[in-house]
Amino acid sequence: MSAAPERAAAPVLELVDVRKSFGPIEILHGIDFALHAGEVHALIGENGAGKSTIMKILGGFLAPSSGAVRLDGKPAPYATGAQAEALGVVVIHQEFNLAPDLTVSENIWLGRELGGIFLDHRAMRAGTQALLDELDSPIRPEARIRDLPVSDRQMVEIAKALARKARVLVMDEPSAVLTHKEVEVLFRQIERLRAQGVALLYTSHRLEEITRLADRVTVLRDGAVVRRAGRGELTEDGMATAMVGRKLEDIYPAKRHHAGAVALEVKSFSVPPLVKDISFSLRRGEVLGISGLVGSGRTELAEGLVGLRPASGEILRHGVPVKVGSVREAAACGMAYLTEDRKEHGLLLDKNLAVNLTLSTLARFGTPFIDAGREEAALTRAISDFDIRAPRRDMKVGNLSGGNQQKLLLAKTMLGDPEVVIIDEPTRGIDVGTKSQIYAFIDALAAEGRSVIVISSDMPEILGLSDRVLVMRHGRIAGELEGERLTENAVVRLVMGTNEQASGSASHV
Amino acid sequence: MSDSTRSDSTRADLARADTARPSLAARLPGLSALGPLLALILLVALGAYLNENFLSAGNVTNVLARSAFIGMIAVGMTFVITSGGLDLSVGSMAAFIAGVMILAMNALLPSMGVGVPLILAGMGIALGAGLLAGLGNGLLVTKARIEPFIVTLGTMGIFRSLVTWLADGGTISLDFGVRQLYRPVYYSGLFGIAWPILVFAVVAIAGQVAMRHTRFGRYCEAIGSNDKVALYSAVNVERIRLMTYVLLGLLVGLATIMYVPRLGSASGSTGMLWELEAIAAVIIGGTALKGGYGRVWGTVIGVLILSLIDNILILADLVSPYLNGTIQGVIIVLAVVLQRSKSSA
Ligand SMILES: Nc1ncnc2c1ncn2[C@@H]1O[C@H](COP(=O)(O)OP(=O)(O)OP(=O)(O)O)[C@@H](O)[C@H]1O
Ligand SMILES: [Mg+2]
């Protein structure tokens, strides 16, 4: 099984002693790294370790500061991503590279449109449909990217890459925003490409995916390779330890919540068009998980609760009805929402860390003039509380690694000191070490007597964090699980709607 | 072993970078930010070289006072553009406000008589009209959710035609006696500095401070940068947008107050193309046309550049002043090219 790296044929694409600096700070310190035909090579490492940077260098999107990129043993003859793509080196980026106002089909054919003087729309649409069918995806080729949820956008990104007929396919956390089912589809495609002799590079913070897919693993820490291994040589624990540089204990906190008084009550709450007739309550010191498929209305419910979408129904805080028509009013009632879409809804990518951190609580930083000193102090505290790794504190947030962006977003949400926090996909794109930090953090929030709602597609996360789980299906509550009944099996059944008992309880909720 | 020491030292580097204050070089505006300032200095040097009268107090006052009207409007425009909007109606709005103001003062004259109260009433009416005009634009953009370009293209035509109609195709003139009393607002000043220049300076400084150091400015940049993020961050996006248009309307009113005593009249051609000059000044100054980043001091420099070109062409007699538009156009395009090379670097 374990293909010994030494025995393999000459690499297709290779990095030789590659260094990369942004300004005065060196991010990659002499990386040697090779991709072989017909192999899945996994690159793992903490947030900010330099995975995306390596992938961008491989794909021609960044030039190394020193060292060489070799394609088929010769210096890679491309200087841009487009040239690399023409040579069959295709990258699926961590940040979506789709034109939001164009349709799915237009995006997939962007730069390689079919037809002569006039575009052959029909052929392109048919080609797109075929690709999407291959991916088992219900996305319509005419849909505008702007209107699609993040998981669909990721599927479009994957379809786009598949359409490129790659020799080398580089995938930067493609599964982070996908549902379980979509991940399976993605894996089938990866296995098919591997069988066809494509060289694949894969990264993910879900280590079980690495175990399943990778023929080789390279572990990166702080911009240097710290471990190379073949298939089966590293356990998930071993990977985590190599990545973080220390042994990780159980990443989920012990269940210990002593729920207090009811802090939030939601009665027959509807968010048109999907979410209908939701009722639940939340106690102080409780962590409530909300599970369900993407598209089951979890995010819509959360956005309705904090006034981001028009909604009807009743919200009671400490037994008193409150009106929440906007995020400001929600904040005034002590409620905050952390979005799942940090790039479109969460952070100003062109602005620096401090501006982003204080944006939703700016009124606390001085009137009429903003006190820059207090902002800096808040940033210093956030950087240490949330362990944000930023090479420079005045850098643009868009240049932070994905996981560090997520930590900043968490810091921003918590700056308002909310009593009820709704966190949508708290650890998307976050490494294991940081995950356990974030879990401990959520746990601490509950221990302080705050109420936390965690929306997550990650099953172990939902099970590991929640005192109680609501499962949503088609915009309604399909069931509620607590205590003994809270098992993976039970949740999955409710999510899929294959449980007699569950459908019974769904009808009476 | 070596791996762990390596990573420890990188950690330490990161930590140090975290706590270090940004270096002096990082805090100074970059070369491309200083571009407009350099261009301004070059223009001044060129003007002084071509004509010895260029730096005379008279000429400097003349240039600055003429810049003041566009300048005040451009400062307001900076906020509108920074928050992702646009206002094409300001030139016509100025003409309309001037017309309304003069007609109102003439109408109030019999009851109030020539005196300071009448002038103050006229100023109040101008500011009120500016506020309402800005509010109209702002409400159409925020409540009716119509593109700012379309809204202000429409109101541009409306204001222009209204003032032409009020003037019955001719000119609306302020009563001669009132004009004599009002004249000093344009022609005299404090410590030898003309009033329009002083007012412009105050507006510019207040604008710069508001953009850099207040929530309003921060919110404008946030909205222009990504209005969804602003909305999710508890920013009252609609109200801030509305406020930018109202602020601009008020500043157009203020500019009109300073402008009317200069000629004492308004007509269908008053304030012609001011909107384009104001927008050009904002862009030359380094504010991003797509929003998200505003630089008020840059706008001031942009305004000065535009009026200096005008002035130098007239003084120097090198090329025909009719080519003024060509040169301004070249400068605008150059400014945008420079900005782009900065962002792609
Ligand atoms: N353009 C840039 N300017 C400055 N620093 C940058 C830039 N791009 C990346 N960096 C820094 O380089 C480091 C490595 O980033 P990279 O995105 O490669 O990390 P990553 O391993 O992909 O992390 P994640 O798991 O969070 O996605 C980070 O510290 C990041 O802030
Ligand atoms: Mg990354």
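Residues numbered from 1 in each chain as written. Chains lettered and ligands numbered in written order. Predicted model: local features only at pLDDT ≥ 70, side-chain atom pairs only at ≥ 80, totals over all residues. Heavy atoms only, no water.

1. Side note on the overall build of chain B
Next, step 1: Across its full length, chain B carries 16 helices and four strands.
Next, step 2: For chain B, buried positions account for 49% of its 345 residues.
Next, step 3: The contacts of chain B with a sequence gap of at least 6 include a subset with a gap of at least 24, amounting to 78%.
Next, step 4: Accessible surface computed for chain B: about 15700 Å², of which carbon and sulfur atoms make up 69%. (Helix = DSSP H or I, 4+ residues; strand = E, 2+ residues; numbered from the N terminus. Buried < 20%, exposed > 50% of the residue type's maximum accessible area, 1.4 Å probe, protein only. Contact = heavy atoms within 4.5 Å. Areas by Shrake-Rupley, 256 points an atom, 1.4 Å probe, with all protein chains shown as cover.)

2. Considerations on the packing of helix α10 (residues 195-213) of chain B against helix α15 (residues 296-316) of chain B
Residues and elements named next belong to chain B.
Next, step 1: Running from amino to carboxyl end, α10 crosses α15 at an angle of 145°, the nearest separation of the two axes being 8 Å. When α10 is examined against α15, the residues F200, A204, G207, Q208 and M211 are found in contact with a partner set consisting of V296, W297 and V300.
Next, step 2: A breakdown of the residues in the contact of α10 with α15 according to their chemical character gives six nonpolar, two polar and no charged. (Axes fitted to C-alpha atoms, helices over the stretch in contact; angles between N-to-C directions. Nonpolar A, V, L, I, M, F, W, Y, C, P; charged D, E, K, R; others polar.)

3. Let's talk about helix α4 (residues 121-134) of chain A
Residue and element names in this part refer to chain A.
Next, step 1: Look at α4: 20 Å from first C-alpha to last across 14 residues, which is about the 20 Å you get at 1.5 Å a residue.
Next, step 2: Burial in α4 covers these residues: M124, T128, L131 and L132. The buried side chains of α4 occupy one side of the element, clustering within an arc of 95° when seen end-on.
Next, step 3: As for α4, its buried residues are in contact with α3 (104-108) and α5 (150-162).
Next, step 4: Where α4 ends, the next residue or the one after it, D136, has phi of about 55°, a positive value. (Expected span 1.5 Å × (residues − 1). Arc of directions from axis to C-beta.)

4. Some details on the site of ligand 1
All names here are of chain A.
Next, step 1: As a matter of local geometry, ligand 1 sits amid 20 residues, with G48, K51, S52, T53 and G403 nearest to it.
Next, step 2: Between an oxygen atom of ligand 1 and a main-chain N or O atom of A49, the distance comes to 3.3 Å.
Next, step 3: K51 places a polar main-chain atom, nitrogen or oxygen, 2.7 Å from an oxygen atom of ligand 1.
Next, step 4: Protein coverage of the free-state accessible area of ligand 1, which is 640 Å², stands at 88%.
Next, step 5: Elements with a contribution of two residues or more to the shell around ligand 1: α1 (51-58) and α14 (402-415).
Next, step 6: Among the elements that make up the shell around ligand 1, the one with the highest residue count is α1 (three residues).
Next, step 7: Of the residues assigned to the shell around ligand 1, the class counts are six nonpolar, eleven polar and three charged.
Next, step 8: Counting residues domain by domain, the shell around ligand 1 receives three or more from each of domain 1 (13-244) and domain 2 (283-311 + 322-496). (Near = heavy atom within 4 Å. Polar contact = N/O pair within 3.5 Å; in protein donor to acceptor, adjacent residues only side chain to side chain. Domains from an automatic or database assignment.)

5. Quick word on the pairing of strand β17 (residues 420-424) of chain A
Each regular strand shows side chains that alternate between the opposite faces of the sheet.
Residues and elements named next belong to chain A.
Next, step 1: With five of its five residues buried, β17 lies for the most part within the structure.
Next, step 2: Pairing of strand β16 (residues 335-338) with β17 involves four bridges; the strand directions are parallel. Bridge assignment links M335 to a residue of β17, and that residue is V420.
Next, step 3: Between β17 and its parallel partner strand β18 (residues 451-455), the chain crosses via helix α15 (residues 432-447), and the hand of that crossover is right-handed. (Pairing = 2+ DSSP bridges. Right-handed = clockwise from strand over helix to strand, strands pointing away.)

6. Some remarks on the sheet that holds strand β7 (residues 168-172) of chain A
Sheet strands associate in pairs through backbone hydrogen bonding, adopting either a parallel or an antiparallel arrangement.
All names here are of chain A.
Next, step 1: Read across the sheet, six strands follow the order β6-β7-β8-β3-β9-β10 without closing on themselves; strand pairing throughout is mixed. Edge positions in the sheet fall to β6 (89-92) and β10 (224-230), since each of these pairs with one other strand and no more. Within the sheet, the average angular offset between the axes of one strand and its neighbour, ignoring direction, is 15°.
Next, step 2: The pairing of strand β9 (residues 216-221) with β10 spans six bridges and is antiparallel. Residue pairing for β10: T218 is matched across the bridge by R228.

7. Some thoughts on α14(A)
Residue and element names in this part refer to chain A.
Next, step 1: Compared with an ideal rise of 1.5 Å per residue, which puts 14 residues at 20 Å, α14 spans 20 Å between its outermost C-alpha atoms and is within 8% of the ideal.
Next, step 2: In terms of residue burial, α14 counts as a mostly covered element, since 13 of its 14 residues are buried.
Next, step 3: Two residues or fewer past α14, D417 is found with a positive phi of approximately 55°.

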